[in-house]
Amino acid sequence: MVAVHLLDTPTAPLDNEWMESANCKGRTTLFFPPKAERPQARARREAKARRLCMACSVLEECRSYARTNHEYGFWAGESEEDRHLAGFTVSAPIGVRARAAQG
Ligand code: SF4
């Protein structure tokens, strides 16, 4: 299954009007890791995503949405691991488990 950022889906709920102002529209590849992504590539990808987020006018709404819905991927300047540490763990946090297993 290919992850698709909700902000790129044409069926996104209409009550989330803040998504219309998202800086990340059309940038799905920055917000979800490709298969077998190396740690250095992940850091570079997330740094680019974070720069978009830090300049985004709807960062707070996005962060609340991603935390509340336990979303996968990178949202509002936060990775899945960041949300996990903030108490908003996704149901199957692949990245968090893989890094925890590495010690
Ligand atoms: S804060 Fe980041 S992920 Fe959220 S809408 Fe803005 S650019 Fe997209």
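Draft legend 1. Representation of the overall build of the chain within the structure. Looking only at helices and strands, the chain has five helices and zero strands in total. Its helices and strands taken in sequence order, the chain reads α-α-α-α-α from the N to the C terminus. Put simply, the chain has 103 residues, and 23% of those count as buried. In the chain, the proportion of contacts linking residues at least 24 apart, taken out of those at least 6 apart, comes to 35%.

Draft legend 2. Representation of the site of the ligand in the model. Around the ligand there are 12 residues in total, and Ala22, Cys24, Cys53, Cys56 and Cys62 lie nearest to it. Those elements that provide at least two residues to the shell around the ligand are helix 2 (39-54) and helix 3 (59-68).

Draft legend 3. Region of interest: the environment of Met54. With respect to the element layout, Met54 can be found in helix 2. Measuring from C-alpha to C-alpha, the distance between Met54 and Asn23 comes to 9.5 Å, with 31 residues separating the pair along the chain.

Draft legend 4. Layout of unusual backbone geometry. In this model, Ala36 sits at a positive phi of 60°, which is unusual for a non-glycine residue. Tracing the sequence through the fold places Ala36 in the loop between helix 1 (28-31) and helix 2. Here Ala36 falls in the exposed class, since 6 other C-beta atoms lie within 10 Å of it. A positive phi angle, close to 50°, is found at His70, a residue other than glycine. Along the chain, His70 falls in the loop between helix 3 and helix 4 (80-85).

Draft legend 5. The nonpolar core, seen in detail. Counting 13 residues, the largest nonpolar core has Phe31, Ala49, Cys62, Trp75 and Ala76 as the members making the most contacts within it. Put simply, the parts of the chain that give this core at least two residues each are helix 1, helix 2 and helix 3. Here Ala76 is in contact with Cys53, Leu59, Cys62, Arg63 and Ala66, once residues within four sequence places are set aside.

Criteria and cut-off values
Residues numbered from 1 in each chain as written. Predicted model: local features only at pLDDT ≥ 70, side-chain atom pairs only at ≥ 80, totals over all residues. Helix = DSSP H or I, 4+ residues; strand = E, 2+ residues; numbered from the N terminus. Buried ≥ 20, exposed ≤ 12 C-beta atoms within 10 Å, placed from the backbone. Contact = placed C-beta atoms within 7 Å. Near = placed C-beta within 6 Å. Core = buried A, V, L, I, M, F, W, Y, C linked by C-beta atoms within 7 Å.

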